[in-house]
Structure formats: C-alpha cells, structure tokens
Amino acid sequence: MTRTHVGRARRRAPGVPVALLLPALLGLVFLVLPLVGLLARTPWTDLPQRLTAPGVLTALRLSLLTATLATLLCLLLGVPLAWLLARVEFPGRRLVRALVTVPLVLPPVVGGVALLLVFGRRGLLGGWLDATFGITLPFTTAGVVLAEAFVAMPFLVIAVEGALRGADSRYEEAAATLGAGRWTTFTHVTLPLVAPGLAAGAVLCWARALGEFGATITFAGNYPGRTQTMPLAVYLALETDVQAAVVLSLVLLTVSVAILAGLRDRWITSP
C-alpha cells in the first residue's frame, strides 16, 4: 500500500462520536472521582501512626487470617466442584451451575440470614452441631470464615471451570492410556494445566473474602478482635473516627488495586 493510500485510509477513518465520548468520560469520572476523594482526604502526615494503631492492626490481622482460611476452604470444596461442572455430564448441571453463582447476585445480608437459618443454634444444621459436637458458628471467627467462603467461592469455581474447559483434554487422555489413575491424572496433569486459572481464581476469591461485609456482620457480628474485620472496622469507625475509616479504606483500596493489576493479563486481559 502506498503512502497516498495510507493517507486516504486515515482520512476516511471515522472519529470518535461525541455522543459516545462524553458519556464514556462521565462514566470514567464517576468511577474514579470517589477514589480521588479518598486519596485527597487521607491523613498522609500521621498515616504510619494510624496504620499501627492497635484497633487497625487487630482488624488487619483478623482480615488476613479469615480471608486466607476462607480461600483454603474454597479451594478444598470449589476445585472439585468446578471439575464436576466442567468434565462430567449429569442431569441438572445447568441448575447446579446457576446455584453455584447465586452468591454473586444475592445481597450479602440475605446470605448472612441464610447462613443463620442453617448454621444458627436453631438452624437446620446448627442445632445438631451444637448438641452433638458443641460447635457454635454464629458470632465467632469460624463464622467469619464461613460467611466469607460463601460469598467468595463462586469466583474460584467460575475461574477454575473456565480454565478446565479451555485446557486440552488430550493430555489427560494420554495419561490415562499410559496407566495413570484418575486421581494421579488429576493431580499431575489436570491441575498443572489449569494452574494459571486456579491461581487467578484463588486470588480473586481471597480479595472478595477480604472485602466481605454484609454476610459477615449478619452471621458473625461485629466484635473487636473476634469477628471485626477491616470492612466492619470501617463501618464502625465512620461513627467515631472518620480519619481511621479513611485509613482502613485506603488499605482495602491498595489491596484491590494491587490484585487487579497483578491479574491484568490473566483475568481482565485486553488485546
């Protein structure tokens, strides 16, 4: 193609329509402006002192612990569930997939109420757990882990199922023809094949668990040192110390941005 043709092609290329550009810019401002406001109101001068305050450190440690435990629980239960949805044909699979994704659209407070009705002392399973094993889940740290896992597991299942569907099944078939059992094939062939998707799903699951609020406060309460995670500490600090709420929000924002930036090429890729 000659330079003349290139120049003509450039002249013919349509510009950006103002009718689309203006709403796009307004949408960007709408999403970014609150974050800018948060950064602008952050007490940068005494930020180190506020980050090392006992209440902040306690909420931070509890959030990191419960989010990690919830992610491990999701890995234990979610990976087999994703494999079942991706590799096994059975009646009602679409319904099962829909039920798995319900926590994505269910209001977290409703999820907390549902957990109470199942695992509360008068719940479907909670009464039996209390009477048989003396286990009480509501308003405990274990309850926080359970609430976070409930809302975060769909992220892991969706990511792993997508990775399994995109993986080349010929490697698994080759392993089977060489005499490998199903468990050996799964652990030595399938999991390495979907490792990037599994890692991305686990990180997203951890981030969702870290930011969980509604189901946690409904099912586990808001007790400092026991169930008060960072989102709950932000909610409480807004009533007494706005600067502390801003600092905690900044920590959550930093974690979220770091995770999204790290997953840019694996989860929200752009050509």
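Residues numbered from 1 in each chain as written. Predicted model: local features only at pLDDT ≥ 70, side-chain atom pairs only at ≥ 80, totals over all residues. Heavy atoms only, no water.

Student: Help me understand the pattern of salt bridges in this model?
Tutor: When the charged atoms of two side chains lie near each other, side chains of opposite charge can form a pair. Taken as a whole, this structure holds 4 salt bridges when the rule is applied. Of the charged contacts, one joins Glu161 and Arg165 as a salt bridge, the two residues approaching to 3.2 Å between their closest N and O atoms. Remark: Arg165 and Glu161 occur in helix α8 (residues 141-166); sequence separation between them is 4 residues, near one turn of the helix. For Glu161, a relative accessible area of 8% translates into the label buried. Measuring nitrogen to oxygen at the nearest pair gives 3.1 Å for the salt bridge that ties Arg208 to Glu212. A relative accessible area of 1% places Glu212 in the buried class. (Salt bridge = Lys/Arg side-chain N within 4 Å of Asp/Glu carboxyl O. Helix = DSSP H or I, 4+ residues; strand = E, 2+ residues; numbered from the N terminus. Buried < 20%, exposed > 50% of the residue type's maximum accessible area, 1.4 Å probe, protein only.)

Student: How do you make sense of the side chain of Thr227 when you look at a structure like this?
Tutor: With respect to the helices and strands, the residue Thr227 is situated in the loop between α12 (214-219) and α13 (230-240). Accessibility expressed as a relative area gives 0% for Thr227, which makes it buried. Within the structure, Thr227 has its side chain in polar contact with the backbone oxygen of Ala220 (distance 3.3 Å). A distance of 2.7 Å separates the side chain of Thr227 from the backbone nitrogen of Tyr223, its partner in a polar contact. Beyond its immediate chain neighbours, meaning those up to four positions away, Thr227 contacts Leu62, Phe139, Thr140, Thr141, Val144, Thr216, Ala220, Gly221, Asn222 and Leu232. (Polar contact = N/O pair within 3.5 Å; in protein donor to acceptor, adjacent residues only side chain to side chain. Contact = heavy atoms within 4.5 Å.)

Student: What is the right way to look at the layout of surface pockets in this model?
Tutor: A probe matching the size of a water molecule, rolled over the atoms, marks out where space remains unfilled. The computed volume of the largest pocket comes to approximately 260 Å³. Contributing to the lining of the largest pocket are Trp83, Arg87, Glu172, Arg182, Trp183, Thr185, Phe186 and Thr190. Looking at the lining of the largest pocket, the elements with two or more residues in it are α4 (54-87) and α10 (182-193). Ranked by residues supplied to the lining of the largest pocket, first place goes to α10 with 5 residues. In the lining of the largest pocket, the residues fall into 3 nonpolar, 2 polar and 3 charged. As for the second largest pocket, its lining consists of Phe155, Leu204, Ala207, Arg208, Leu210, Gly211, Leu252, Val255, Ser256, Ile259 and Leu260. Class assignment of the residues belonging to the lining of the second largest pocket gives a composition of 8 nonpolar, 2 polar and 1 charged. (1 Å grid on protein atoms, 1.4 Å probe; cavity = no way out; pocket = protein on both sides within 12 Å on 5 of 7 lines; lining within 4 Å. Points joined across faces, edges and corners; volume = space filled by probe spheres on them. Nonpolar A, V, L, I, M, F, W, Y, C, P; charged D, E, K, R; others polar.)

Student: Please clarify how a nonpolar patch on the surface should be interpreted in this entry.
Tutor: On the surface, Val16, Leu21, Leu25, Leu28, Val29, Phe30, Leu31, Val32, Leu33 and Val36 cluster together to form a nonpolar patch covering roughly 970 Å² of accessible area. Counting through the fold element by element, Leu33 comes out in helix α2 (residues 18-40). (Patch = residues over 30% accessible without salt bridge, like charges linked within 9 Å, V, L, I, M, F, W, Y side chains within 5 Å. Areas by Shrake-Rupley, 256 points an atom, 1.4 Å probe, with all protein chains shown as cover.)

Student: When you look at α13 in this model, what are you seeing that I'm missing?
Tutor: Residues three or four positions apart in an α-helix share a direction because the helix packs 3.6 residues into each turn. Listed in full, the buried residues belonging to α13 are Met230, Pro231, Leu232, Ala233, Val234 and Ala237. Against the buried residues of α13 lie α4, α11 (195-210), α12 and α14 (242-262).

Student: Would you mind going over the packing of α4 against α8 with me for this structure?
Tutor: Helix packing geometry: the angle between the two helix axes and the distance between the axes. Where α4 contacts α8, the two axes come as close as 6 Å, and the packing angle between them is 40°. Judged on the interaxial angle alone, α8 and α4 are oblique. α4 and α8 meet at a crossing whose hand is right-handed. Of the residues belonging to the contact of α4 with α8, the class tally is 23 nonpolar, 3 polar and 4 charged. (Axes fitted to C-alpha atoms, helices over the stretch in contact; angles between N-to-C directions. Parallel < 35°, antiparallel > 145°, perpendicular 65-115°, else oblique. Left-handed = near helix turned anticlockwise from the far one by under 90°.)

Student: I'm lost on the environment of Leu210 in this one. Help?
Tutor: If you trace the backbone, Leu210 turns up in helix α11. Through-space distance from the C-alpha of Leu210 to that of Gly134 is 28 Å; in sequence the pair is 76 residues apart. Every residue in contact with Leu210, bar those within four places of it in the chain, is listed here: Ser63, Leu64, Ala67, Met230, Pro231, Leu252 and Val255.

The values are spatial; any link to function lies outside them.
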